[in-house]
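Reading the structure
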Amino acid sequence: MKKTIALALSIVLVLASLSCFAQAEDEPKFVTLQEWLDAKGECGNCMLLLKIKQVLNPVVALAVDETGEVNLFSGANEESSFVEFMSEENGNLDGYILVVANPKYNPFEGNIEMAQWTLLRIMKDPTMIEE
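Predicted model only: the values in this text are computed from it and were never measured. (Residues numbered from 1 in each chain as written. Predicted model: local features only at pLDDT ≥ 70, side-chain atom pairs only at ≥ 80, totals over all residues. Heavy atoms only, no water.)

Regarding the overall build of the protein chain
Note the threshold: Secondary structure elements are defined from DSSP: runs of H or I of at least 4 residues count as helices, runs of E of at least 2 residues count as strands, and each element is numbered from the N terminus. Think of it in three bands: residues with accessible area under 20% of the maximum for their type are buried, residues over 50% are exposed, and the middle band is partly exposed, with areas taken using a 1.4 Å probe on protein chains only. It only takes one pair of heavy atoms within 4.5 Å for two residues to be counted as in contact. We get accessible surface area from the Shrake-Rupley algorithm with a probe of 1.4 Å; when it comes to residues, only the shown protein chains can shield them.
A count of helices and strands for the protein chain gives two helices and eight strands. Traced from its N-terminal end to its C-terminal end, the protein chain shows the element sequence α-β-α-β-β-β-β-β-β-β. Looking at the protein chain as a whole, 33% of its 131 residues qualify as buried. Pairs at least 24 apart in sequence give 54% of the contacts found in the protein chain among residues at least 6 apart. Just so you have it, the protein chain exposes about 8800 Å², and 58% of that area is on carbon and sulfur atoms.

Thoughts on the confidence of the model for the protein chain
For any part of a model where pLDDT is low, the fine detail of the predicted coordinates should not be relied upon. The cut-off we apply is this: A residue's pLDDT is the predictor's confidence in that residue, given on a scale from 0 to 100.
On average, the protein chain scores 77 in pLDDT, and the residues at 70 or more come to 69%. Every residue in residues 18-23 is under pLDDT 50, and counting partners more than four places away or in other chains gives zero contacts.

Side note on the state of the cysteines
Such a bond, covalent and formed between the sulfur atoms of two cysteines, is termed a disulfide. Short version of the rule: The term disulfide is used for any two cysteine sulfur atoms that are within 2.5 Å.
This structure, assessed with the given rule, holds one disulfide. What pairs with cysteine 43 in a disulfide is cysteine 46, and their sulfur atoms sit 1.8 Å apart. The pair cysteine 43 / cysteine 46 is uniform in exposure class, with both members buried.

Some remarks on the pairing of strand β8 (residues 113-123)
Put simply, the rule is: The rule for pairing is simple: two strands pair if DSSP sees at least two bridges between them.
Across two bridges, the pairing between strand β4 (residues 68-73) and β8 is parallel. What sits directly across from leucine 72, in β8, is methionine 114. As defined by bridge partners, strand β7 (residues 97-105) adjoins β8 across seven bridges and the pair is classed as antiparallel. By the bridge assignment for β8, isoleucine 97 is matched with methionine 123.

Some points on unusual backbone geometry
For asparagine 102, which is not glycine, the phi dihedral falls at a positive 45°. Checked against the element boundaries, asparagine 102 lands in strand β7. Using a relative accessible area of 29% as the deciding quantity, one classes asparagine 102 as partly exposed.

Digging into the pattern of salt bridges
Spelled out, the test is: Any carboxyl oxygen of Asp or Glu within 4 Å of a side-chain nitrogen of Lys or Arg constitutes a salt bridge here.
This model, assessed by the stated rule, comprises two salt bridges. The salt bridge partner of lysine 51 is aspartate 125, with a shortest N-O separation of 2.6 Å. One end of the pair, lysine 51, is in strand β2 (residues 46-57); the other, aspartate 125, is in the segment after β8, and 74 residues separate them in sequence. Between lysine 53 and glutamate 69 there is a salt bridge whose closest N-O contact spans 3.4 Å. Of the two residues, lysine 53 is situated in strand β2 and glutamate 69 in strand β4; the sequence distance between them amounts to 16 residues. Owing to a relative accessible area of 51%, lysine 53 belongs among the exposed residues under this scheme. Taking relative accessible area as the criterion, glutamate 69 reaches 42% and is therefore assigned partly exposed.

Looking at the nonpolar core
Heads up, the condition is: Grouping buried Ala, Val, Leu, Ile, Met, Phe, Trp, Tyr and Cys residues that are joined through side-chain atoms within 4.5 Å yields what is termed a nonpolar core.
Core analysis: the biggest nonpolar cluster contains 22 residues, and Leu33, Trp36, Leu48, Leu50, Leu72, Phe85 and Met114 have the highest contact counts within it. Those elements that provide at least two residues to this core are α2 (33-38), β2, β3 (60-65), β4, β7 and β8. Top contributing element to this core by residue count: β2, with five residues. Ignoring any residue separated from it by four or fewer positions in sequence, one finds leucine 72 in contact with Leu50, Ile52, Val59, Val60, Ala61, Ala63, Phe85, Leu98, Met114 and Trp117.

Set out below in structure tokens:
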């Protein structure tokens, strides 16, 4: 009887820990650009913190973090990923920081372009000096 109770308790504890582990994997996590590139965009539910290094045109900007850089393509018919990097309303977003979620790897462009992503937040870089 004691062995049955101990076995049942062990099974419950293992299932509980697996459940916690599965929930932890579903939660979004921050990754670096290099980690995202190494995984070819297969980072699950992930987010990146990217700084706009240079706006190339209204829908393409060069985005960087401490590990690399990538062309950030705005649009791809996804409303959640459309940002005008250069417009009369927003001005030029050079130096701004974007929080993006679930970016997709563009197999046609390789490691130089991130094409589908969801914008979570645009922030002004606190180190930028107002003139």
